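Here is how the chains run, residue by residue.
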Amino acid sequence: MKRSLFIVAILSLAAFSCQESVDPGKLKEQVLASREFAAFVEAYENRGTDLMNERKEENQKMMQELENLSPEEKKARREKAEEARKAEEEKEKQNRRMMEERNHRIKILLAGEKKLSKTEFEEAVREIDTELGISPEVAIPARTRKMKEAMASLLEKFPGIRDQGADFIKDCLSDYKAQQGK
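Read on for an overview of the structure. From a predicted model like this one, the values you see are computed outputs, not experimental measurements.

Another point: the overall build of the protein. Within the protein, the regular secondary structure consists of nine helices and zero strands. Walking the protein from its N terminus toward its C terminus, one meets helices and strands in the order α-α-α-α-α-α-α-α-α. A burial count over the protein gives 25% of its 182 residues as buried. Sequence separation of at least 24 residues holds for 73% of the intrachain contacts in the protein that already meet a minimum separation of 6. Just so you have it, the protein exposes about 13400 Å², and 53% of that area is on carbon and sulfur atoms.

Take the packing of aromatic side chains next. Under the counting rule described, the total for this entry stands at three aromatic pairs. Taken together, the ring pairs in this structure connect F37, F40, Y44 and Y176 into an aromatic cluster. Here the guanidinium or amino end of R47 rests over the ring plane of Y44, the centre of that ring lying 4.0 Å away.

Glancing now at the pattern of salt bridges. Tallied over the entire structure, the rule returns 12 salt bridges. In this structure, R77 engages E65 in a salt bridge whose closest nitrogen and oxygen atoms are separated by 3.1 Å. Residue R77 is found in helix α5 (residues 71-111), and its partner E65 is found in helix α4 (residues 47-67); the two are separated by 12 residues along the sequence. The exposure class assigned to R77 is partly exposed, which follows from its relative accessible area of 33%. Two residues, D129 and R102, come together in a salt bridge whose shortest N-O distance is 2.5 Å. Here D129 is found in helix α6 (residues 118-132), whereas its partner R102 is found in helix α5, with 27 residues between them in sequence. Look at the salt bridges and you will find they share partners, linking E82, R85 and E89 into a network.

The next point concerns helix α8 (residues 145-157). The end-to-end C-alpha distance of α8 is 18 Å, a good match for the 18 Å that 13 residues give at a rise of 1.5 Å each. When we look at burial in α8, the residues that qualify are M147, A150, M151, L154 and L155. All buried residues of α8 fall inside an arc of 130° around its axis, so they share one side. In α8, the exposed residues that point more than 90 degrees away from the buried face are E149 and E156. In this structure, the buried residues of α8 make contact with α2 (24-33), α3 (35-45), α4, α7 (136-139) and α9 (168-181).

Turning next to the environment of R162. Among the structural elements, R162 can be located in the loop between α8 and α9. For R162, a relative accessible area of 48% corresponds to the partly exposed category. Sequence spacing of R162 and S135 is 27 residues, and the spatial spacing of their C-alpha atoms is 6.6 Å.

It is worth spelling out the nonpolar core at this point. Most often, soluble globular proteins have nonpolar side chains that are buried together. If you look at the biggest cluster of nonpolar residues, it comprises 20 residues, and the most contacted ones within it are V31, F37, F40, L154, I161, I169 and L173. Broken down by secondary-structure element, the contributors of at least two residues to this core are α2, α3, α8 and α9. Residues contacting F37, with those up to four places away along its chain left out, are V31, L32, L154, C172, L173 and Y176.

Once that is clear, we can look at the side chain of E54. Positionally, E54 belongs in helix α4. Within the buried set, E54 has no salt-bridge partner at all; the shortest N-O distance to an opposite charge, 4.2 Å, is to R145. In terms of polar contacts, E54 uses its side chain to reach the backbone amide nitrogen of R145, at 2.7 Å.

Parameters and conventions
Residue numbering note: each chain is counted from 1, following its sequence as written. For a predicted model such as this one, the threshold for reporting local features is a pLDDT of at least 70, and the threshold for listing and counting side-chain atom pairs is 80 or more; totals across whole chains, interfaces and linings nevertheless cover every residue. Computation of side-chain values covers all heavy atoms of the structure but excludes hydrogens and water. In this text, helices come from DSSP runs of H or I with a minimum length of four residues, and strands from runs of E with a minimum of two, each type numbered from the N-terminal end. Per-residue accessibility, obtained with a 1.4 Å probe over protein chains only, is compared with the maximum for each type, and a residue is labelled buried under 20%, exposed over 50%, and partly exposed between these values. Any two residues whose heavy atoms approach within 4.5 Å at even a single point are treated as in contact. In this description, accessible areas are obtained by the Shrake-Rupley approach with a 1.4 Å probe, and a residue is regarded as covered only by the protein chains that are shown. Each aromatic pair joins two rings of Phe, Tyr and Trp (for Trp, the six-membered one) with centres within 6.5 Å, and gets the label stacked for planes under 30 degrees apart, edge-to-face for over 60, and tilted for any other angle. Geometrically, a charge over a ring is one whose NZ (Lys) or CZ (Arg) sits within 6 Å of the ring centre while staying within 35 degrees of the ring normal. Between Lys or Arg on one side and Asp or Glu on the other, a salt bridge is scored when a side-chain nitrogen of the former is within 4 Å of a carboxyl oxygen of the latter. Residue count minus one, scaled by 1.5 Å, sets the expected span of a helix. Regarding the arc, it is the one traced by the directions from the helix axis to the C-beta atoms. The nonpolar core is taken to be a set of buried Ala, Val, Leu, Ile, Met, Phe, Trp, Tyr and Cys residues, with the residues joined through side-chain atoms within 4.5 Å. Working convention for charge: Lys and Arg count positive, Asp and Glu count negative, and His plus the chain ends are omitted. Polar contact criterion, stated in full: a pair of N or O atoms within 3.5 Å, where within protein one must be able to donate a hydrogen and the other to accept it, and residues adjacent in sequence count only if both atoms are side-chain atoms.

Fair warning: the whole summary comes from geometry, so function is off the table for now.
Spelled out as structure tokens, the structure:
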């Protein structure tokens, strides 16, 4: 009796976990066909212009806020803005260091004596990403508001993206560009 209950529990768990797993190919097709991904591609392609415009807007907004303040308040506001900018810059530096470490480890994998199959290599890279805490957000940093919003809506609609590894969004972008080139 206990054995049959145990077997039923194992089969139920296996069926449930299979149901929850996401097929990467199917997920990629769904992502590529989504409006959220189209918005992300547009934001990604316009990131340079958007970044310049956002910084210009922030500077104008800051100047307007500072207009009617006392010199002490102006100084405090500027210091607060500088601290926020430095915090964002430090976060970007940390992400770059993680990506540099990831790339270094991948180079070691590629230079290794044992030649890995494609699936072994992908699994090794996925393990490196997990160990370093690299997510799709780190692999493709969203530097503009539009990119951040598009990435957030993409991850909200397709939470399985986080389980696919850091290069999933990059792969989707590459596939998108290849489709556009046809």
